[in-house]
Amino acid sequence: MSILIGAETTFIVQGITGREAVNLTRECLDYGAGARIVGGVTPGRKGRDVHGVPVYDTVAQAVEAHGSPIDGSVVTVPPAFTKDAVFEALENDIKLVVIVTERIPRRDVAQMVELATMRGARIIGPNCLGIIVPDVVKMGGIGGPAKNASQAYTPGPIGVISRSGGMTTEMSSTLSAASLGQSTAVSIGGDAIIGSSYAELMPLFDADRHTEGIVIYTEPGGRMEAELAKWVIDNECRMPIVAFMAGRFMDEMPGMSFGHAGTIVEGKEDTAAEKIARLADAGIIVAEEISEIPDIMKSKLPAHVEHLKPPGVSVPSWTHGAS
Amino acid sequence: MRLFEYEAREIVKRAGIPVTDFGFTTDAAEARSIAERIGGPTVIKSQVLTGGRMKAGGVKFADTPEAAEQHAADILALEINGHMPRGVLVDPRADVKQEYYAGVVWDGTAKKPVILFSDMGGIDIEEVAEQHPDHVGRVHISNLMPISDHKAKECIAQTGVTGKALQRLTPIVRRLAQLFVDHDMVLAEINPLCEMHDGTFVALDAHMDMESEARGRHKKLLTDLGVGDDETRLAREPTEFELAGEEVDGSDHRGVAGNVTEFDGNIGLVIGAGGGSLTLFDAVRAHGGEPANYCEIGGNPSVQKTCGLAKLVLTKPGVDKIAVMMSIVSNTRVDIVARGVIKACLELGFDPAEKIAIFRIPGAWEEEGFKILKKYGIEYADRSVSMHEAARRAVAKIAGPESVPA
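1. Some thoughts on the pattern of salt bridges
All names here are of chain B.
Okay, step 1: Counted by the stated rule, this structure contains 56 salt bridges over all chains.
Okay, step 2: Arg-383 is the salt-bridge partner of Glu-366, the closest N and O atoms lying 4.0 Å from each other. With Glu-366 in helix α13 (residues 366-375) and Arg-383 in the loop between β17 (380-381) and α14 (387-399), the pair connects residues that are 17 residues apart, well separated along the chain. For the residue pair Glu-366 and Arg-383, the accessibility class agrees, reading buried in each case.
Okay, step 3: The salt bridge involving Glu-389 is made with Arg-392; its shortest N-O contact spans 3.1 Å. Taken as a pair, Glu-389 and Arg-392 lie in helix α14 at a separation of 3 residues, close to a single helical turn.
Okay, step 4: Arg-392 sits in the partly exposed class, given a relative accessible area of 30%.
Okay, step 5: Shared partners join several salt bridges into a network, and the residues in it are Glu-5, Arg-9, Lys-45, Arg-53, Asp-91 and Asp-205.

2. Regarding the sheet that holds strand β13 (residues 241-245) of chain A
Residue and element names in this part refer to chain A.
Okay, step 1: Pairing is mixed in the open sheet, where 7 strands are placed in the order β9-β8-β11-β10-β12-β13-β14. Strand pairing shows two members of the sheet lacking a second neighbour, β9 (137-139) and β14 (285-287), which therefore form its edges. Across the sheet, the mean angle from the axis of one strand to that of its neighbour is 20°, orientation sign disregarded.
Okay, step 2: Relative to strand β12 (residues 213-218), strand β10 (residues 155-162) is paired through 5 bridges, and the arrangement is parallel. Note on β12: the bridge partner recorded for Val-160 is Val-215.

3. Remarks on a nonpolar patch on the surface
Okay, step 1: Among the surface-exposed residues, Met118(A), Leu144(B) and Met145(B) lie close enough to one another that they form a single nonpolar patch of about 310 Å² accessible area.
Okay, step 2: Relative to the elements of secondary structure, Leu144(B) occurs in the loop between β8 (136-140) and α5 (149-157).

4. Focus: the packing of aromatic side chains
Between two aromatic rings, the relevant description is the distance of the centres plus the angle of the planes.
Okay, step 1: According to the stated counting rule, one finds 14 aromatic pairs over all chains in the structure shown.
Okay, step 2: The interplanar angle of 70° and the centroid separation of 5.1 Å between the aromatic rings of Phe249(A) and Phe258(A) together place this pair among those described as edge-to-face. Like Phe258(A), Phe249(A) is buried.
Okay, step 3: By the ring-pair criterion, three or more aromatic residues cluster together here, those being Phe249(A), Phe258(A), Phe263(B), Phe281(B) and Tyr294(B).
Okay, step 4: When the ring centre of Trp365(B) is taken as origin, the NZ or CZ atom of Arg333(B), which lies over that ring, is 3.5 Å away.
Okay, step 5: Against the face of Phe350(B) rests Lys355(B), its NZ or CZ located 4.2 Å from the ring centre.

5. Some points on the sheet that holds strand β7 (residues 122-124) of chain A
Residue and element names in this part refer to chain A.
Okay, step 1: Taken together, 7 strands build an open sheet; the order of strands is β3-β4-β2-β1-β5-β6-β7 and the sheet is mixed. A strand with exactly one partner marks an edge of an open sheet, and here the two such strands are β3 (49-50) and β7.
Okay, step 2: Note that strand β1 (residues 10-14) and strand β5 (residues 72-75) share 4 bridges and pair parallel. Considered in β5, the bridge of Phe-11 is made with Gly-72.
Okay, step 3: Across the face of the sheet, helix α1 (residues 19-30) comes into contact with β1, β2 (36-41), β3, β4 (53-56) and β5 while running at roughly 165° to β1.

Procedures and definitions
Residues numbered from 1 in each chain as written. Chains lettered and ligands numbered in written order. Predicted model: local features only at pLDDT ≥ 70, side-chain atom pairs only at ≥ 80, totals over all residues. Heavy atoms only, no water. Salt bridge = Lys/Arg side-chain N within 4 Å of Asp/Glu carboxyl O. Helix = DSSP H or I, 4+ residues; strand = E, 2+ residues; numbered from the N terminus. Buried < 20%, exposed > 50% of the residue type's maximum accessible area, 1.4 Å probe, protein only. Pairing = 2+ DSSP bridges. Axes fitted to C-alpha atoms, helices over the stretch in contact; angles between N-to-C directions. Patch = residues over 30% accessible without salt bridge, like charges linked within 9 Å, V, L, I, M, F, W, Y side chains within 5 Å. Areas by Shrake-Rupley, 256 points an atom, 1.4 Å probe, with all protein chains shown as cover. Phe/Tyr/Trp six-rings, centres within 6.5 Å; stacked < 30°, edge-to-face > 60°. Lys NZ or Arg CZ within 6 Å of the ring centre and 35° of its normal. Contact = heavy atoms within 4.5 Å.

Now the structure itself:
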């Protein structure tokens, strides 16, 4: 099963006529059962189509043409226009907004998030690649073209949450190679303020009875890991969590930004060392290398998980072994 | 982007918060005339973007304009933590009754700005928060609602401040919150915010950090302050190597082959993307390797741009070989990166098989990429070789096997 999206999810692409958005639309239409992209929006381009998806001037037109509420939107417009595009989506009752755009000032992001909260909606990103439910649907550029996405992602019991889009794929591919499929993988974005943090996605994974374990990718900067650690302790999390922390070298270089906009050591709590300690306090295992993640996860998963293997996949030997 | 104290104070002043009659100069003789204008004891403060200014001798007190000139001359020549001062600030010595702290920062968990206030000013707020938590007020403000006086008042009142002081502090703190929002700051603090013996308040020092992504929205202010477009204001000034990297990245608009940071080691890195680069840089160091640089490839840059980046790294003194590694790519094309790095070797007159220690980029267009790499005899790896394993092989080849821990 999955969180956030499924085969039935309808969504639009705002900024659909941009080069990246055209590719993203193709990829989503091709992947799994084929995403239900019911429209695209680019002001002034009404009447065109992108890979068969009709283009509208406004979100309201897309909703009207669809005839019923639309679940989600992928926003790929330039940074200066993103806030307005997201507000437009939220004011048209769209409840899930995936923001791909990078380099949006945090004041704008914070405003979008606050409006989303008021409207009972959720934002993923910005500066993210979106969400993928292996073999079913993807919303965003995550995993790339359908062929490449299928190579890396397989269905299974692991939820993946990552501050890096590319590393979402690298980690999922590593899990897949070890016969650990993914229930849903979410690229949450690398900015200092994002719509949905680890801790904010945990209740969704917790409620998804097919998700049995969580793998996260994290970096220095911000307090998101402490927030996750607190959630895990407060809620006596039923699922094992394995984390990978990149950018450990940055602890020696305070004030320098690497990787993503939010990845900067500004205070003691931002450092990789501090975060690893916080995660460990909550029983979250921090792997030294990505290749170690599958074995650590297998040693922690409850024994019944093998029953959730998708049909046609042989049960790996570890489920019978000492673990 | 951090702002110098004199710039921050100017912003505070424009926001309608009372400041002293300070002056900024890069010239010792002018420091003297500012001191003459002030007409009393002054403080001369080095304008550097680093802490520990007081300890390093970057802040001096002068009783006369002559002393102000002498101190200014000394401070202008004084390097602090590797930073030469931008100039000096000449400030009247204030007759302070009590020091307060007022600041606004982002709370990434609440996703709102938070106003911080303390009646224990003049020292580091983190220290106060740790040792005297009841002396720090905290109030979040909405991103959508107008900023209202009562938010500032609540924050100040949390520390027990009342009476005239509360009434006079409230508009100052509200204005600070407003300027934080209006100018896309990530930090805006006045410390100390001083109550004078006559009961008035004045901002005696200010720290501001503006979000780099928002610089474009504040062109007029930055021009007024004299902040150049090319000033990065990072923890350290960019090196020549890093500036050359920026030039490569700016050579065309497609994708990224940049964010180059110089290091002292001998292992040339052509790596990506954001998270991949962080992972690979750590991996090289974990295997005992010393990187010559950090960089990021992403968003499918052109062959030319990738070639430019590879050339830059290959020609860095001390670099003999490069390791070309990324996490699985889905937008960037493997074959394009392969072509770029091979072209760099060939144009420099090198054998690509000799100069490229390892190529580990799996993902989009990998069949095409691997075909080209094979043709040139370059060692390459697909996704079955982990990022850490690829880094280990690179270190073994470049630094010699003895440096790789078993």
